[in-house]
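Here is what each chain is made of, one letter per residue.
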Amino acid sequence: MAMRRATGAMIRACAASSSSSAGYFARHFHASSGDTKKIVGVFYKANEYASKNPNFLGCVENALGIRDWLESQGHQYIVTDDKEGPDCELEKHIPDLHVLISTPFHPAYVTAERIKKAKNLQLLLTAGIGSDHIDLQAAAAAGLTVAEVTGSNVVSVAEDELMRILILMRNFVPGYNQVVNGEWNVAGIAYRAYDLEGKTIGTVGAGRIGKLLLQRLKPFGCNLLYHDRLQMEPGLEKEIGAKYVENLNEMLPKCDVVVVNTPLTEKTRGMFNKELIGKMKKGVLIVNNARGAIMERQAVVEAVESGHIGGYSGDVWDPQPAPKDHPWRYMPNQAMTPHISGTTIDAQLRYAAGTKDMLERYFKGEDFPAQNYIVKDGELAPQYR
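Residues numbered from 1 in each chain as written. Predicted model: local features only at pLDDT ≥ 70, side-chain atom pairs only at ≥ 80, totals over all residues. Heavy atoms only, no water.

The chain is annotated in an unreviewed UniProt entry as Formate dehydrogenase, mitochondrial from Arabis nemorensis. Word for word, the UniProt comment on the chain under Subunit (unreviewed entry) is "Homodimer." In UniProt, the chain has this text filed under Catalytic activity (unreviewed entry): "formate + NAD(+) = CO2 + NADH". (UniProt positions renumbered as here; feature names shortened; annotations may be inferred.)

(A) View of the environment of Asn 62. Inspection of the secondary structure assignment puts Asn 62 in the loop between β1 (38-42) and α2 (67-72). Along the primary structure Asn 62 and Ile 165 are separated by 103 residues, whereas in three dimensions their C-alpha atoms are 33 Å apart. Here Asn 62 is in contact with Ala 50, Phe 56 and Leu 57, once residues within four sequence places are set aside. Engagement of the side chain of Asn 62 in a polar contact is seen with the backbone oxygen of Ala 50, the distance being 3.1 Å. (Helix = DSSP H or I, 4+ residues; strand = E, 2+ residues; numbered from the N terminus. Contact = heavy atoms within 4.5 Å. Polar contact = N/O pair within 3.5 Å; in protein donor to acceptor, adjacent residues only side chain to side chain.)

(B) Seen up close, the sheet that holds β1. With respect to topology, 7 strands assemble into an open sheet ordered β2-β1-β3-β4-β5-β13-β14, the strand pairing being mixed. Every interior strand has two partners, whereas the edge strands, β2 (76-80) and β14 (379-380), have only one. Pairing analysis gives 2 bridges linking strand β13 (residues 373-376) to β14, with the strands arranged antiparallel. Paired with Val 375 across the two strands is Leu 380, which belongs to β14. (Pairing = 2+ DSSP bridges.)

(C) Seen up close, the pattern of salt bridges. Following the criterion strictly, the structure yields 15 salt bridges and no others. Here Lys 37 and Asp 35 are joined by a salt bridge, their closest N and O atoms 3.8 Å apart. Assessed through its relative accessible area of 6%, Lys 37 is described here as buried. Since its relative accessible area comes to 30%, Asp 35 is described here as partly exposed. Of the charged contacts in the structure, one is a salt bridge between Arg 114 and Glu 91, with a shortest N-O distance of 2.8 Å. You can see Arg 114 sitting in helix α4 (residues 112-117) and its partner Glu 91 sitting in helix α3 (residues 89-93), a full 23 residues away along the chain. Several salt bridges converge on common partners, so that one network encompasses Glu 91, Glu 113, Arg 114 and Lys 117. (Salt bridge = Lys/Arg side-chain N within 4 Å of Asp/Glu carboxyl O. Buried < 20%, exposed > 50% of the residue type's maximum accessible area, 1.4 Å probe, protein only.)

(D) Layout of the domain arrangement of the chain. Taken domain by domain, the chain holds domain 1 (38-150 + 344-384) and domain 2 (153-336). On a C-alpha basis, the centroid separation for the pair domain 1 and domain 2 is 29 Å. Residue-level contacts link 19 residues of domain 1 with 12 residues of domain 2. Between domain 1 and domain 2, a total of about 1,300 Å² is buried, with carbon and sulfur atoms accounting for 49% of that surface. Contact with domain 2 buries surface across domain 1, with Ile 129, Asp 132 and Gln 383 losing the most and accounting together for 35% of the total. Counting across the domain 1 and domain 2 interface gives 1 salt bridge. Notably, a salt bridge pairs Arg 291 with Asp 132, separated by 2.7 Å at the nearest N-O pair. Applying the counting rule to domain 1 against domain 2 returns 7 residue pairs in polar contact (both at pLDDT 80 or more). (Domains from an automatic or database assignment. Buried area = accessible area lost by both parts, 1.4 Å probe.)

(E) Expanded view of helix α14 (residues 345-364). Taking 1.5 Å of rise per residue, the 20 residues of α14 would be expected to cover 28 Å, and the 29 Å separating its terminal C-alpha atoms lies within 8% of that figure. Among the residues of α14, Ala 347, Gln 348, Tyr 351, Ala 352, Gly 354, Thr 355, Met 358, Leu 359, Tyr 362 and Phe 363 are the ones counted as buried. Tucked into the core, α14 has its buried residues touching β1, α2, β3 (99-102), β4 (123-126), β5 (145-148) and α6 (154-169). A positive backbone phi angle near 80 degrees is found at Gly 365, which sits one or two residues after α14. (Expected span 1.5 Å × (residues − 1).)

Here it is as structure tokens:
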């Protein structure tokens, strides 16, 4: 493994080797002292909102707040929101960039084809959490390092999930629409509005976000269930008051609300299909801030339209940005938004700082915090295997 990520003297030796060699051993992770690197960032455009808050760092205009720092060290930093198609701005820089930074909110889809073209690419950073916009198997095979700012927006997402549960439970959106449209029809809201207390809430996935959500739900007096590949420590499980259910098919029929908190992998892609949704309680409420592709798109539409799903809310789509004709935009009883849950101003400050920290370590030839690695030394993190 030492050959795969050379540091110190080994980097200087490797620098003399042919840059045209392909495959795993062609990618040397750490930057040599004094090296000039080409770094490309892909973020959403803020336009007139960019100047409204000095801490609004996660947009093209403010570029994570690291432009002056990078350029003062002689690095080239290019930022764009143009990421799709053969003629996009990102595509122009693929052949000679060294580092690509993207976010889950406006993801640069890093395909095997793009990785093959990116002869100088060493490092893929996600400013936020969730690196499924990258072909991780192809990245591992090419000897690339993939890392994200683990923990940077877990509070933001967990809070957003709690909000969405309440929005669906209390039938909030129709009430808001009545006010905007100059209407007043209490019955049109109240006939399907419920208390959260006493309801059974199940989270599919109980990692950092899932645990935080369960902790925040505890004061509401709910019956809390969770399904995950790993069971919590008994002390934490008791403190939260949640019960582990090893068999997902056993948990789902019990839930009034199902929250999706599992990463997108080949195993979870399309996981919530017609068959699995059919096992849920009629009228179930679903919150999905994980990834849109975990749901089978048309199965969700049909279940919402039939009433089997009583309400659906989330901020994740497939693809992103969602096209104007995406059917989830037009489903009844939905409370969808663009991908916003993890890009609060507080989260932006955290993931901007985390990205800068990893770049500093990269330039110095130092390792990242272990929990940040998604692909390292040709191996994927456990949650993506």
